[in-house]
Amino acid sequence: MHNDDSQGELQAYRPSAGLAVSIDDPVQNPGLPPHRERITDKDPAAEKRAERTIYTLFYLSVAGSIWAIAAYMLFPIEDQQLTSIRHNNMFIGLGIALALLSIGIGAIHWSKSLMSDKEHVEMRHSTRGSESTRAAVIKSFEAANEESGFGRRKMIRNSLFAAVAASILPGITLFRGLAPHSSEENPLAGHPVELLKQTMWEEGAYLTRDPDGTRIKASDVTLGSAFHVIPEKLAATSHTDGYLEEKAKAMVLMVRMPPEQITETEERKSWSYDGIVAYSKVCTHVGCPVALYEQQTHHLLCPCHQSQFDVSDGAKVVFGPASRPLPQLPIAVDDEGYLVAQSDFTEPVGPSFWEMH
Ligand code: FES
């Protein structure tokens with residue numbers, strides 16, 4: 001039997017509150033706390049002060065962005081001087097931090113001190129509003145524009161636009177470092193493929209241990225061993241003088257295996273010495289150092305994306321995303337039995353992006 005009295009009049013007992021609450025209205029609307037006016041609402045001088053602080057912060061942000069760009073110019077990384085690179089990183093970082101922090105603090109200060117802080121309650125409704133609601137929204141945007149002073153407070157608005165626009169510039173400026181221009185000292189700078197083609201290896205360059213630079217005799221390389229190798233000239237280079245850039249191109253992994261297990265093309269038969277082969281350590285996928293040698297399978301593994309290269313067969317790719325074999329360094333021995341390079345690599349080392357040109 002339907003009982004009308006059961007609808008709307010049912011009471012639920014809430015022990016925590018100790019109150020009987022209507023099921024139709026289980027949560028009492030606590031209402032809004034009384035609105036408290038801020039100092040900037042009451043005092044025009046305080047309002048003016050807040051406005052000045054805000055646009056000063058935004059212009060400070062512009063100064064931070066300019067500072068970052070100036071630091072990029074003043075401390076060029078192309079010099080390859082460690083101090084210059086350190087200053088470049090530090091001052092660009094400080095400039096960008098100042099630029100972004102000032103925008104953030106300025107925006108928070110603006111919203112806290114000058115924009116309207118009246119609280120509103122909005123009831124839920126269907127996603128698309130009626131025409132009248134939409135018109136009301138436009139009206140409320142206009143009111144918000146008026147209350148926030150976005151259109152009216154021109155100094156703040158313009159300084160914010162300037163700060164946001166300027167904060168993008170340091171990022172754009174840094175892109176220039178990806179493609180440095182050629183210069184007298186560095187004629188290859190604008191030609192990445194040529195840069196990757198030239199390493200410190202040359203005819204007669206001694207293969208030395210990384211990092212101490214001691215020469216290696218062929219008799220030192222026992223079956224199954226793997227050596228991390230750099231050219232002697234690089235080992236003698238000061239670590240502040242382009243060392244890392246050259247090392248990133250010239251590092252080599254050298255292993256020895258029974259000569260009968262090596263598959264070599266006619267052309268490359270003279271590139272190895274009595275089962276000793278040397279390959280670039282720079283992965284042809286995206287350039288990580290390929291340094292994990294698996295003696296049983298003769299596979300070299302790149303730890304970044306698991307490409308595997310078979311050093312018994314021209315360092316061909318046997319697994320993974322790399323698309324071409326590791327470049328081989330042609331080697332020989334000198335009169336005293338020390339291992340030397342026959343020449344530089346015959347192809348660019350590292351990632352194969354240049355093949356797309
Ligand atoms: S860098 Fe070597 S597999 Fe990706």
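The rules we used
Residues numbered from 1 in each chain as written. Predicted model: local features only at pLDDT ≥ 70, side-chain atom pairs only at ≥ 80, totals over all residues. Heavy atoms only, no water. Core = buried A, V, L, I, M, F, W, Y, C linked by side-chain atoms within 4.5 Å. Buried < 20%, exposed > 50% of the residue type's maximum accessible area, 1.4 Å probe, protein only. Helix = DSSP H or I, 4+ residues; strand = E, 2+ residues; numbered from the N terminus. Pairing = 2+ DSSP bridges. Axes fitted to C-alpha atoms, helices over the stretch in contact; angles between N-to-C directions. Expected span 1.5 Å × (residues − 1). Patch = residues over 30% accessible without salt bridge, like charges linked within 9 Å, V, L, I, M, F, W, Y side chains within 5 Å. Areas by Shrake-Rupley, 256 points an atom, 1.4 Å probe, with all protein chains shown as cover. Salt bridge = Lys/Arg side-chain N within 4 Å of Asp/Glu carboxyl O. 1 Å grid on protein atoms, 1.4 Å probe; cavity = no way out; pocket = protein on both sides within 12 Å on 5 of 7 lines; lining within 4 Å. Points joined across faces, edges and corners; volume = space filled by probe spheres on them. Nonpolar A, V, L, I, M, F, W, Y, C, P; charged D, E, K, R; others polar.

A word on the nonpolar core
Right, so step 1: Counting residues in hydrophobic clusters, the biggest one holds 20 residues, and the most contacted among them are Trp201, Leu207, Val229, Met254, Leu329 and Leu339.
Right, so step 2: Elements represented by at least two residues in this core include exactly β4 (226-231), β5 (252-256), β6 (276-280) and β12 (339-341).

What to know about the pairing of β4
Right, so step 1: The pairing of strand β3 (residues 207-209) with β4 spans 3 bridges and is antiparallel. Among the inter-strand pairings, Leu207 is bridged to a residue of β4, identified as Pro231.
Right, so step 2: Relative to β5, β4 is paired through 4 bridges, and the arrangement is antiparallel. Paired with His228 across the two strands is Leu253, which belongs to β5.

Considerations on the sheet that holds strand β10 (residues 316-319)
Right, so step 1: The antiparallel open sheet is built from 4 strands, whose spatial order is β7-β8-β9-β10. Two strands lie at the open edges of the sheet, namely β7 (292-294) and β10, each paired on one side alone. If you compare each strand with its neighbour and ignore which way they point, the axes differ by 35° on average.
Right, so step 2: The pairing of strand β8 (residues 299-301) with strand β9 (residues 308-310) spans 3 bridges and is antiparallel.

With respect to helix α4 (residues 131-148)
Right, so step 1: When the terminal C-alpha atoms of α4 are compared, their 25 Å separation across 18 residues agrees well with the 26 Å that a helix rising 1.5 Å per residue should span.
Right, so step 2: Residue Gly149 follows α4 closely and has a positive phi angle near 75°.

Observations regarding a nonpolar patch on the surface
Right, so step 1: Taken together, the side chains of Val164, Ile168, Leu169, Ile172 and Phe175 present a nonpolar region at the surface, about 490 Å² in accessible area.
Right, so step 2: With respect to the element layout, Val164 can be found in helix α5 (residues 154-175).

Thoughts on the layout of surface pockets
Right, so step 1: Estimates place the volume of the second largest pocket at around 210 Å³.
Right, so step 2: Together, 18 residues line the second largest pocket, and Arg38, Asp41, Leu114, Ser116 and Lys118 are the ones closest to its centre.
Right, so step 3: Classifying every residue of the lining of the second largest pocket by side-chain character gives 3 nonpolar, 4 polar and 11 charged.

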